[in-house]
Amino acid sequence: MGADYAYDEEGYLWPFFVFTLTFIVTLPLTYLLVSRSRDPAAALKRVQSDYRHEHADLVDTLRKQEKRKDRKLWLLAFVMAGWAVMGYMLYLINTTEAPTQKIWNPYDILSIPESASIKVIKSTYKKLSLRFHPDKIRPDASRNETLEDLNARYVEISKAYQALTDEEVRNNYIQYGNPDGKQGYSINIALPKAMVSDGNGKYIVLIYSALFGVLLPYLVGSWWYGTLRRSKEGSLMESANRLFRAYQDDIDEGGVITALSEGKEYEDLFKGNKADSQLSRIESKILAEGELSPFAGGLSVKHKEKLQNLESGPQRKALALLWAYLGRVELDDPALNKAKLEVAPISHALNKSFTAISLAYMNTAPLLASYYTSQLLIQALPPKSSPLLQLPYFTPKIVKAVEGDSRIRTSVQSFMDRPDSKRRSLVVGKNLLTEQQYKEAVKVAKQLPYLRVAKAYFKVTGERCIIPSSLVTLVVKGRFVPPGSEKLPEVNEPDLEDIDPAEDDLDAILGRKTKKQIGKDENGKPIMSADSEPILPPLASAPYFARDHSPRWHVFLTDSKQGRVAVPPFTFAQFDRPVFQEDGRTPTFAMQTLKAQFQAPPQAGHYTFVMHVVCDSYVGFDTKMEVTLIVDEASKAAEMADDDQISEPDEGWSTTFLP
């Protein structure tokens, strides 16, 4: 007794097989296609502005091209084909009649009732055997009968008679459902018989060999090679290695910009003779005399020498174009202007890898340089340039009218804090800004999200003091106060508190709840607000950057004496309360809460750190302040736990703003 392999004669099973296989492949590809097609930036608010510089259309085009890059045509075609195949398989499943498996019944074969007597059974068998005996019956062509069919019919009649009259055959029928006894099992293969008959089997083997022997290893190998080829920040591993070699403990923003030009990505952008094409023209433009700096590109003499010491090639052209972008230098050539705008997003992606490298060394200066470089790339500003150039229509000439000969740069906040009449007298007039241009600049400035820190302190959740090696939470309280904000409300002192969750609320302690505690009731239990979705700030106002970018804020602690990072950065891209009202322009001045957890030092004492709150998108919107962590002996915590008279915890903190 063996297995009987039967192919799908009726064509009923194989559509299920094909549908299942296609579904398994098509569904994840569909999700991938939809996720790539969805534009996350479309749901985010933007800084409202009518300002458009002369290359604004080109910037818009490059942004759209980048979004279309993820929408692979082959992926779209594959997904459409997959859904078409699944639709056709569903049609076959619905229209193909399912084969019915008949139960062998001797009474049905003899066409007699189950109550029939032996006499009736014998007489019926005699009549049918005479009628269907192979020697007496001939096939009827009109009924498409064959001799094999008639012989099979006669055999079935004989078996049915024996099952009802012969004791042994009857026992087989009763026990196994078949007069011949126990039968072998049948395995149905969900493939049409035509696919494996008439010599077609070799093609099936060929198809399976191609799928599992060639295509699958290729896809797995491509995926694996892709993971090894790129770092987790998205840059090529070769580029990350070059940035690692370019790292220096005392590197500044200009040095970071030079290092970013070493990216291998530029070799693909400037293939062949593109690397040297019009390079001298670009360099002559960026090395021309500048209005606020020695050179139009904003580079220093030191970085000019670094540029000129490079051999002609992709790196030198990338660096020249990068300085042209940062200095907003007009290159008087459509292709060069496009290339100038293309290098900035590549450099921004490479800068993420440089930030990761800086974090590995934990030195303060390179980390800050990488964050400041991100600001410069997004705002298209050279190092040490005026933050006022972030405002629409502000040119070096307008900046000079504001700052005069002072070497101290005027921040956007400082400019907007001046009376309106004073601002107008500086920037509005002949050969300066028009009234309309001034209003547009002020409108944009009043929408920029400047996070003003109100208070920063340390605490341990549920404890009255901080002891060595405990899990400390750095709590930063602040409000988004755009430059030039009017009628700023006073800080509500209860908003500066951070209320501990209930001791049995593990989800809230671990940060798994979206509900926010807004107070305590008379029994001391926390009062929770309604569920709230995280709030994203508006997209960065970056008219020259050929990508949509959502601002991020990095909070970290440094040791100013050693120049080292004490607590690595915690990055915040969303907040628990709205930044602007529904109109997208009016600030809410809502108190935001940023939290970062780290382990306290192993020894008791007073530890003074410098806290940095750095925005990656705007120049001059950072906060730098001293914070002191007070770590008490463990014995003090035990004493406080026994002291029922103490009702409120001592917070181990103090803050001092640095100039």
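Residues numbered from 1 in each chain as written. Predicted model: local features only at pLDDT ≥ 70, side-chain atom pairs only at ≥ 80, totals over all residues. Heavy atoms only, no water.

## A word on the overall build of the protein chain
Stage number 1. Helix and strand content of the protein chain: 23 helices and twelve strands.
Stage number 2. Relative to its full complement of 659 residues, the protein chain shows a buried share of 41%.
Stage number 3. Once local pairs closer than 6 in sequence are excluded, the contacts in the protein chain between residues at least 24 apart make up 69%.
Stage number 4. Entry remark: accessible area of the protein chain is about 36,900 Å², with carbon and sulfur atoms responsible for 53%. (Helix = DSSP H or I, 4+ residues; strand = E, 2+ residues; numbered from the N terminus. Buried < 20%, exposed > 50% of the residue type's maximum accessible area, 1.4 Å probe, protein only. Contact = heavy atoms within 4.5 Å. Areas by Shrake-Rupley, 256 points an atom, 1.4 Å probe, with all protein chains shown as cover.)

## A closer look at the confidence of the model for the protein chain
Stage number 1. Averaged over every residue, the pLDDT of the protein chain is 83; residues scoring 70 or more account for 81%.
Stage number 2. Contacts of residues 517–524 to residues separated by more than four positions or lying in other chains number 20 contacts, the stretch itself having pLDDT below 50.
Stage number 3. Every residue in residues 644–651 scores below 50 in pLDDT, and together they form ten contacts with partners more than four places removed in sequence or on other chains. (pLDDT = per-residue confidence, 0-100.)

## Looking at helix α15 (residues 314–326)
Stage number 1. For α15, with 13 residues, the first-to-last C-alpha span of 18 Å sits near the 18 Å given by 1.5 Å per residue.
Stage number 2. A large share of α15 lies buried, amounting to eleven of its 13 residues.
Stage number 3. For α15, every residue scored as buried is listed here: R316, K317, A318, L319, A320, L321, L322, W323, A324, Y325 and L326.
Stage number 4. The secondary structure elements touched by the buried residues of α15 are α11 (253–260), α12 (265–269), α13 (279–286), α14 (301–309), α16 (334–361) and α17 (364–379).
Stage number 5. A positive phi of about 55° marks R328, the residue just after α15. (Expected span 1.5 Å × (residues − 1).)

## Some details on the packing of α16 against α17
Stage number 1. One way to put it is that α16 packs onto α17 with a least axis distance of 9 Å and a crossing angle of 165°. With respect to α17, the element α16 is oriented roughly antiparallel. In the crossing of α16 with α17, the sense of the turn from one axis to the other is left-handed. Counting all contacts with α16, which are made through S347, H348, N351, F354, T355, S358 and L359, the residues of α17 involved are P366, L367, S370, Y371, T373, S374, L377 and I378.
Stage number 2. Class assignment of the residues belonging to the contact of α16 with α17 gives a composition of seven nonpolar, eight polar and no charged. (Axes fitted to C-alpha atoms, helices over the stretch in contact; angles between N-to-C directions. Parallel < 35°, antiparallel > 145°, perpendicular 65-115°, else oblique. Left-handed = near helix turned anticlockwise from the far one by under 90°. Nonpolar A, V, L, I, M, F, W, Y, C, P; charged D, E, K, R; others polar.)

## Some details on the packing of aromatic side chains
Stage number 1. This model, assessed by the stated rule, comprises 14 aromatic pairs.
Stage number 2. Their ring planes at 40° and their centres at 6.2 Å tell us that Y247 and F354 sit as a pair that is tilted. Taken together, the positions of Y247 in the loop between α10 (237–246) and α11 and F354 in helix α16 put the pair 107 residues apart, joining distant regions of the chain.
Stage number 3. Owing to a relative accessible area of 0%, F354 belongs among the buried residues under this scheme. (Phe/Tyr/Trp six-rings, centres within 6.5 Å; stacked < 30°, edge-to-face > 60°.)

## Focus: a nonpolar patch on the surface
Stage number 1. The grouping of F17, L21, F23, I24, V25, L27, W74, F78 and W83 at the surface amounts to a nonpolar patch, some 890 Å² of accessible area in total.
Stage number 2. Looking at the nonpolar patch, the elements that each hand over two or more residues are α1 (14–37) and α3 (73–95).
Stage number 3. With six residues, α1 is the single largest residue contributor to the nonpolar patch.
Stage number 4. If you trace the backbone, W74 turns up in helix α3. (Patch = residues over 30% accessible without salt bridge, like charges linked within 9 Å, V, L, I, M, F, W, Y side chains within 5 Å. Salt bridge = Lys/Arg side-chain N within 4 Å of Asp/Glu carboxyl O.)

## Some remarks on unusual backbone geometry
Stage number 1. Its identity as a non-glycine residue notwithstanding, R328 has a phi of 55°, on the positive side.
Stage number 2. Even without being a glycine, K384 presents a positive backbone phi close to 65°.
Stage number 3. The residue K384 is located in the loop between α17 and α18 (396–403) in this model.

## Some words on the pattern of salt bridges
Stage number 1. Inspection of every chain in the model, using the stated rule, returns 20 salt bridges.
Stage number 2. When the shortest N-O distance is used, the salt bridge between E267 and K264 registers 3.2 Å.
Stage number 3. Owing to a relative accessible area of 29%, K264 belongs among the partly exposed residues under this scheme.
Stage number 4. Note that D420 is salt-bridged to R423, the shortest N-O span being 3.2 Å. With D420 and R423 both in helix α20 (residues 420–427) and three residues apart, the pair spans about one turn of that helix.
Stage number 5. Connected through shared salt-bridge partners, E238, R242, K264 and E267 make up one network.

## Details of the side chain of H53
Stage number 1. In this structure, H53 sits in the loop between α1 and α2 (56–69).
Stage number 2. Here P543 takes part through its backbone oxygen, which lies 2.8 Å from a polar atom of the side chain of H53.
Stage number 3. Other than its neighbours up to four places away in sequence, H53 contacts V59, P543 and Y544. (Polar contact = N/O pair within 3.5 Å; in protein donor to acceptor, adjacent residues only side chain to side chain.)

## With respect to the side chain of H348
Stage number 1. Its place among the elements puts H348 in helix α16.
Stage number 2. Of note is the side chain of H348, whose polar atom sits 3.3 Å from the side chain of S374.
Stage number 3. Leave out the neighbours within four places in its chain, and H348 touches S374, L377, I378, F545 and H549.

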